Structure formats: structure tokens, C-alpha cells
Amino acid sequence: MDRIDALRLYVAVAESGSFSSVARQRSIAVSTVSLAVNQLELEFQTRLMARSTRQLALTHEGEVLLGDARRIVAEWDASLSGLGQDRVLSGPIRLTSTNDFGRAQLLPLLDAFQAQHGEVSLTLLLSDSNLDLIEDHIDVALRYGPLPDSGYRARLLMPGRRLVCATPAYWDSRGRPRHPSELADHNCLVLARPGAPLVAWPFREDGRLFHVKVRGDRQGSDGDLLRYWANQGIGVTFKNSCDVKKELEDGTLERVLEDFDAGPVDLYAVHQGGFPSRRVTALLDFLAQALA
């Protein structure tokens, strides 16, 4: 069997956890799927999968190969797609985004993309925690920077900045702060990250970075929830400019402390190294143009 075909079947089995389901999906014999895995194990001289009648699990070597196999297959598919640019885009894309940006801005863009490319199927995973691209089989992660160093590739989609906002009615009743230190006296809505709530808000003054420790009567793990509470006049939110763009334009929220730089939170598309598939590249081009 061709190595690429064998690797493709290996990835499918590893992701589905079943030889028979892969065989059904591809209308081939289970023995053909088994042959592909056996061929790879023989070639690498190691066991890749621990199999029983009820369960399938990857060995350590199998996990290592899975990451390489995904990259090799993706680069091969990208190469084939590059030689046939007129072919219809098709196939699955799994992507992840923060809750707030995903619901408020990304959803209509994905609808528009699929309206143009009906053969592409999308899976969107919303989370304010960073999902693992390899473990969760994610093609593209939309993340706010600055990004940590990694072996992943990143493409800037949209610049953004952190803003301190609340409703005009809240500011009228509690007073508008003239310095970030005065936020300690306000009801600040805190993003509850696992084990480390975002209670220290960063600012710069005369080029010097400092943090203000804030507190409030509400915390939430979902950025959309913090925006909802802020819109209700409950407290102060520390949000990316693109997440509150609509509220700032229609006057629902009012920005304060404009003279203090709270730092960039640019939006990036992050993907594994190598060449993404033509359909993923098309989606990234579409999003970059729409968000420019």
C-alpha cells in the first residue's frame, strides 16, 4: 500500500478509535485498514496501537507518529491542491475561538464562507482556554496575542487593544477614573481563568508597565458573560476593542482611561507547522480580508 494512503488511514483510525468505522466511512474492507496499520508497524519496527475487542489506544510511538502523519498528509494534500487550483474546495475544517469573538463576529463570517464553499464542513469549538491543536485535532485556532513561543505558525488577522469600559450610567453613579489605580474602588468584572483569575490589569504610563489589582462581585469564565454584565451596568470590563466595537459605537458602553496604554491583543490564526490545506488557506484569506 502507498505510504501516504497508509498514513491517511492511520490518522483516521487514531482519530475515530475504530478500524470498522473507518472502513465503513471509506467503503473499504476492515482488513485493508488493518493492513495499513500493520504495514506502518512493520516499517517502523514498533507497535503503534494497542488493540483489543473493545478498545484501541495509541502507544507512545503511535502518538509521536500521529503528529508527524497529520503534518505529512496535510502537506501532501496542500501540494496536490496547489496543482489543481480550479478544483472545488471540500473537506472538514476544525477551528477554535474565544467565546465572545466566536459568537459576536466569527459565526456570521463562517456562514458567509460556507455560502461560497458548500462542500466545506466546519466544526467550531468555543473556549476561553487554549485548546491543544494536536490533541483536539484542530486545524486553526483564533487566539489573541502576544503569543507564547511554539512550533506553530501564526498569521495576524486583526490588530486590537484592551479597553476599560462600562455603561455611561455606571460611570455617572460611580465616577469616571482618571488613573488606572482608581479601578481598585470599582466593581470590576473578572475573567476566571482556571486557577488564575485575571485580577491584575496591565497598563503603561510613560513607558513603564504596571498592574492594578482589581476586584468585584462577579467572575466568569466566558468573555461573552463579562460583556453581558457590563452591558447591564453591573460593573467594569477589560475587553478587547473588537469584542466591544458595537457597544462603543452605539453608546451602550463608554471607554475611560484612554491616555493609558493597556497593551495590544492582536488576533492571530494559529496552525501547525507546514502547509495548511487549500481549504484552510482559503478560510484564512477570507477571514483576513473580512476583518481587515
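Conventions and cut-offs
The residue count restarts for each chain, going from 1 along the sequence in the order it is written. Per-residue local features of the predicted model are confined to residues with pLDDT of at least 70, and side-chain atom pairs are confined, for both listing and counting, to 80 or more; whole-chain, interface and lining totals are unaffected and use all residues. Remark: hydrogens and water are excluded; side-chain values derive from all non-hydrogen atoms of the structure. Helix numbering and strand numbering both begin at the N terminus, where a helix is a DSSP run of H or I of at least 4 residues and a strand a DSSP run of E of at least 2. Note on classification: 1.4 Å probe, protein chains only; a residue is buried when its accessible area is under 20% of the maximum for its type, exposed when over 50%, partly exposed between these limits. Contacts are assigned to residue pairs with any non-hydrogen atoms lying within 4.5 Å of each other. Exposure was quantified through the Shrake-Rupley algorithm and a 1.4 Å probe, taking into account, for residues, occlusion by the shown protein chains and nothing else. Strands qualify as paired when DSSP identifies two bridges or more between them. Only C-alpha atoms enter the line fits that serve as axes; for helices the fit covers just the stretch in contact. Angles between N-to-C directions range over 0 to 180 degrees. To estimate how far a helix should reach, multiply one less than its number of residues by 1.5 Å. Any two cysteine sulfur atoms lying within 2.5 Å of each other are counted as a disulfide. Oblique is the label for any angle not covered by the other classes, which are roughly parallel (under 35 degrees), roughly antiparallel (over 145) and roughly perpendicular (65 to 115). For this classification, Asp, Glu, Lys and Arg are treated as charged, while Ala, Val, Leu, Ile, Met, Phe, Trp, Tyr, Cys and Pro are nonpolar and the rest, including Gly, are polar.

Caption draft 1: Representation of the overall build of the protein within the structure. Each helix and strand in the protein was counted, giving 9 helices and 14 strands. Counting only C-alpha atoms, the protein reaches 70 × 40 × 35 Å along its principal axes. Within the protein, buried positions represent 42% of all 292 residues. The long-range share in the protein, meaning contacts at least 24 apart out of those at least 6 apart in sequence, stands at 72%. Total accessible area on the protein stands at roughly 15500 Å², and carbon and sulfur atoms take up 49% of it.

Caption draft 2: Layout of the sheet that holds strand S3 (residues 91-97). A sheet is described by the order of its strands in space; here 5 strands give the open sequence S4-S3-S5-S14-S6, paired in mixed fashion. Both edges of this open sheet fall to strand S4 (120-126) and strand S6 (153-158), since each of them pairs with a single strand only. Pairwise comparison of adjacent strand axes, ignoring direction, gives a mean angle of 25 degrees for this sheet. Pairing geometry for strand S5 (residues 140-144) and strand S14 (residues 267-271), over 4 bridges, is antiparallel.

Caption draft 3: Here's a closer look at the pairing of S4. Pairing between S3 and S4: 7 bridges, direction parallel. Its bridge partner being in S4, Arg 94 is matched across the sheet by Thr 123.

Caption draft 4: View of helix H9 (residues 278-291). If you check H9, its first and last C-alpha atoms are 20 Å apart, about what 14 residues at 1.5 Å a residue would give, namely 20 Å. For H9, the full list of buried residues reads Arg 278, Val 280, Ala 282, Leu 283, Leu 284, Phe 286, Leu 287, Ala 288 and Leu 291.

Caption draft 5: Main features of the sheet that holds strand S7 (residues 162-166). Taken in spatial order, the 3 strands line up as S12-S7-S13 in an open sheet, and their pairing is antiparallel. Looking at the sheet topology across the chains shown, the edges are occupied by strand S12 (237-240) and strand S13 (254-256). Ignoring which end each strand starts from, the neighbouring axes of this sheet average 50 degrees apart. In this structure, S7 lies alongside S12, joined through 4 bridges in antiparallel fashion. Opposite Val 164, over in S12, you have Phe 238 as the bridge partner.

Caption draft 6: Structural context of the state of the cysteines. Taken as a whole and assessed by the stated rule, the structure comprises 0 disulfides. Of all cysteine sulfurs in the structure, the one in Cys 242 sits closest to Cys 165, which takes part in no disulfide; the separation is 12 Å. With a relative accessible area of 0%, Cys 165 lands in the buried category.

Caption draft 7: Inspection of the packing of helix H5 (residues 99-116) against helix H7 (residues 223-231) at higher detail. Interaxial distance between H5 and H7 falls to 6 Å at its minimum, and their mutual angle equals 75 degrees. Taken as axis vectors, H5 and H7 run roughly perpendicular relative to one another. Residue-level contacts link Asp 100, Arg 103 and Ala 104 of H5 to Gly 223, Asp 224 and Arg 227 of H7. When the residues that make up the contact of H5 with H7 are grouped by side-chain class, the tally is 1 nonpolar, 1 polar and 4 charged.

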